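Residue-level structural notes
What follows is each chain in one-letter form.
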Amino acid sequence: MKKIILLVISLASLSPVFAQNNERHVYKSLTRKADSLYLTKDYKNSALTFSSAFQRYHNLATARDRYDAACSWSQANYPDSAFSNLQLIAANGSYTSYDHIIVDADLNSLHADKRWAPLLVIIQKNKDKAEANYNKPLTRELDSIYDSDQSGRQQIQAIENKYGDNSKEMNALWAAMSKSDSINLIKVEAVLNKYGWVGPEIVGSKGNVTLFLVIQHADSLTRDKYLPMMRAAVKNGKAQASQLALMEDRSALENGKKQIYGSQIGRDNKTGKYYISPIEDEPNVDKRREAVGLNPLEDYAKDWGIDYKLPKQ
């Protein structure tokens, strides 16, 4: 009779890469849960879920997650915990968004606290240090282009709800956006041709994302022209992989292929309902999304009112 040997494999006995990937997966699951609780205004449980993620995987905690946790703690009326998270990311220099924090309504309850003013002083210093090597004229130009790119798009939902998708008001908005996009493209192509894909260390995060947005909103030939440049920028840390994924998906669909990351959403002209455009190797799409920093497709689909379930292999 053959002996049956049972092997018990602990996480520690697996490869370091596997263990690290598993930790990231669990951490991201916790922070996504915290974000979902925040959206339902369950602020206390959102904050507690963030804390659980930080306690278990403190090395994976990002400045953005800490900031979001502070917002939840603030909204739940726990100022000590809110300041604890904010002071941590301010003290280590990882938080520099002074212009954002001073207008963020989530933190209004902290403004009267004696700890608020000293916190802002630190963040202002972080901002000044981070921007010391900025190309200031180029940063201002790209920031202005960003505002131009987004101003019309921020009106789409309100105008559609008020006047309808095929209304003269909606058509006028699309026409204005098209004109604005053409002007912005000329400006951004001039930047790319002169400087290449400049990173956030030169133009800030807003200026950096402007390059992606304008090319993403351009025609297919322009997108395909600059795709190799953005791929190189991601490898060199000058662009975000999550943004590249969106551009790769749009390019794939325009070239008659299936998208890779499931980022592109279509809309039925008759019903007005949104749907996810065809995906290559769909059962494994969430693995690819996680690798580039995108949330699970099921969660993404909910934002569009799509009831989506990942197909089994």
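Examining the pattern of salt bridges
- Inspection of every chain in the model, using the stated rule, returns 13 salt bridges.
- For Asp-147, the salt bridge identified is with Lys-206, shortest N-O distance 3.0 Å. Residue Asp-147 is found in helix H7 (residues 136-153), and its partner Lys-206 is found in helix H10 (residues 200-216); the two are separated by 59 residues along the sequence.
- Its relative accessible area of 32% is what places Lys-206 among the partly exposed residues.
- Where Glu-254 meets Arg-223, a salt bridge forms, and the shortest distance between an N and an O atom there is 2.3 Å. Placement of the pair is Glu-254 in helix H12 (residues 241-254) and Arg-223 in helix H11 (residues 220-235), with a sequence separation of 31 residues.
- With relative accessibility at 39%, the residue Glu-254 sits in the partly exposed group.
- When salt bridges that share partners are traced, they join Asp-80, Asp-113 and Arg-115 into one network.

Quick notes on the nonpolar core
- One finds Leu-142, Trp-197 and Leu-211 to be the most contacted residues of the largest nonpolar core, which totals 24 residues.
- Of all the secondary-structure elements, those providing two or more residues to this core are H7, helix H9 (168-195), H10, H11 and H12.
- Looking at which element gives the most residues to this core, the answer is H10, with seven residues.
- Listed in part, the 18 residues of the second largest apolar core include Ala-82, Ala-90, Ile-101 and Leu-110.

A few points about the packing of helix H4 (residues 79-91) against helix H6 (residues 116-130)
- Between H4 and H6, the least distance of the axes is 9 Å, while the angle of their chain directions is 30°. Taken together, the axes of H4 and H6 lie roughly parallel to each other. As H4 packs across H6, the resulting crossing turns out to be left-handed. Between H4 and H6, the residues in contact are Phe-83, Leu-86, Gln-87, Ile-89, Ala-90 and Ala-91 and Trp-116, Leu-119, Ile-122, Ile-123 and Asn-126, respectively.
- Partitioned by chemical class, the residues of the contact of H4 with H6 number nine nonpolar, two polar and no charged.

Looking at the confidence of the model for the chain
- When pLDDT is averaged along the chain, the result is 92; 93% of the residues meet or exceed 70.
- Note that pLDDT drops below 50 for residues 1-14; the model gives that stretch four contacts with residues more than four away or on any other chain.

Here's the deal with H11
- A rise of 1.5 Å per residue sets the reference length of H11, with its 16 residues, at 22 Å; its end C-alpha atoms lie 23 Å apart and thus fit the reference within 8%.
- At Leu-227, H11 shows its maximal kink, close to 40°; a proline, Pro-228, follows between one and four residues later.
- Where H11 is concerned, the buried positions are Thr-222, Arg-223, Tyr-226, Leu-227, Met-230 and Ala-233.
- In the core, the buried residues of H11 are packed alongside H9, H10 and H12.
- Capping of H11 at its N-terminal end is provided by Asp-219; its side-chain oxygen lies 3.2 Å from the backbone amide nitrogen of Leu-221.
- Just downstream of H11, Gly-237 is the residue with a positive phi angle, here 75°.

Quick word on the packing of helix H3 (residues 63-75) against H4
- Between H3 and H4, the shortest axis-to-axis distance is 7 Å and the interhelical angle comes to 160°. In this view, H3 runs roughly antiparallel relative to H4, as classed from their interaxial angle. The two elements H3 and H4 meet at a crossing, and its hand is left-handed. Every residue of H4 that contacts H3 at Ala-63, Arg-66, Tyr-67, Ala-69, Ala-70, Trp-73 and Ser-74 is listed here: Ser-81, Ala-82, Asn-85, Leu-86, Leu-88 and Ile-89.
- Across the contact of H3 with H4, the residue classes tally to nine nonpolar, three polar and one charged.

Things to note about unusual backbone geometry
- You will see that Lys-41, though not glycine, has its phi angle at about 65°, which is positive.
- When you line up the elements, Lys-41 lands in the loop between helix H1 (16-39) and helix H2 (43-56).
- Classification of Lys-41 as exposed rests on a relative accessible area of 63%.
- Phi is positive for Asn-77, close to 65°, though the residue is something other than glycine.
- Residue position: Asn-77 is located in the loop between H3 and H4.

Some details on the side chain of Ser-251
- Here Ser-251 lies in helix H12.
- Look at Ser-251 and you get buried, because its relative accessible area is 7%.
- Aside from chain neighbours lying at most four places away, what touches Ser-251 is Asp-224 and Leu-227.

Side note on the side chain of Thr-139
- Here Thr-139 is to be found in helix H7.
- We classify Thr-139 as buried; its relative accessible area is 9%.
- Only 3.4 Å separates the side chain of Thr-139 from the backbone oxygen of Ile-202, close enough to count as a polar contact.
- Beyond its immediate stretch of four places on either side in the chain, Thr-139 contacts Tyr-134, Ile-202 and Val-203.

Rules used in this analysis
Residues numbered from 1 in each chain as written. Predicted model: local features only at pLDDT ≥ 70, side-chain atom pairs only at ≥ 80, totals over all residues. Heavy atoms only, no water. Salt bridge = Lys/Arg side-chain N within 4 Å of Asp/Glu carboxyl O. Helix = DSSP H or I, 4+ residues; strand = E, 2+ residues; numbered from the N terminus. Buried < 20%, exposed > 50% of the residue type's maximum accessible area, 1.4 Å probe, protein only. Core = buried A, V, L, I, M, F, W, Y, C linked by side-chain atoms within 4.5 Å. Axes fitted to C-alpha atoms, helices over the stretch in contact; angles between N-to-C directions. Parallel < 35°, antiparallel > 145°, perpendicular 65-115°, else oblique. Left-handed = near helix turned anticlockwise from the far one by under 90°. Contact = heavy atoms within 4.5 Å. Nonpolar A, V, L, I, M, F, W, Y, C, P; charged D, E, K, R; others polar. pLDDT = per-residue confidence, 0-100. Expected span 1.5 Å × (residues − 1). Bend = angle between axes of the 7 residues up to and from the residue. Polar contact = N/O pair within 3.5 Å; in protein donor to acceptor, adjacent residues only side chain to side chain.

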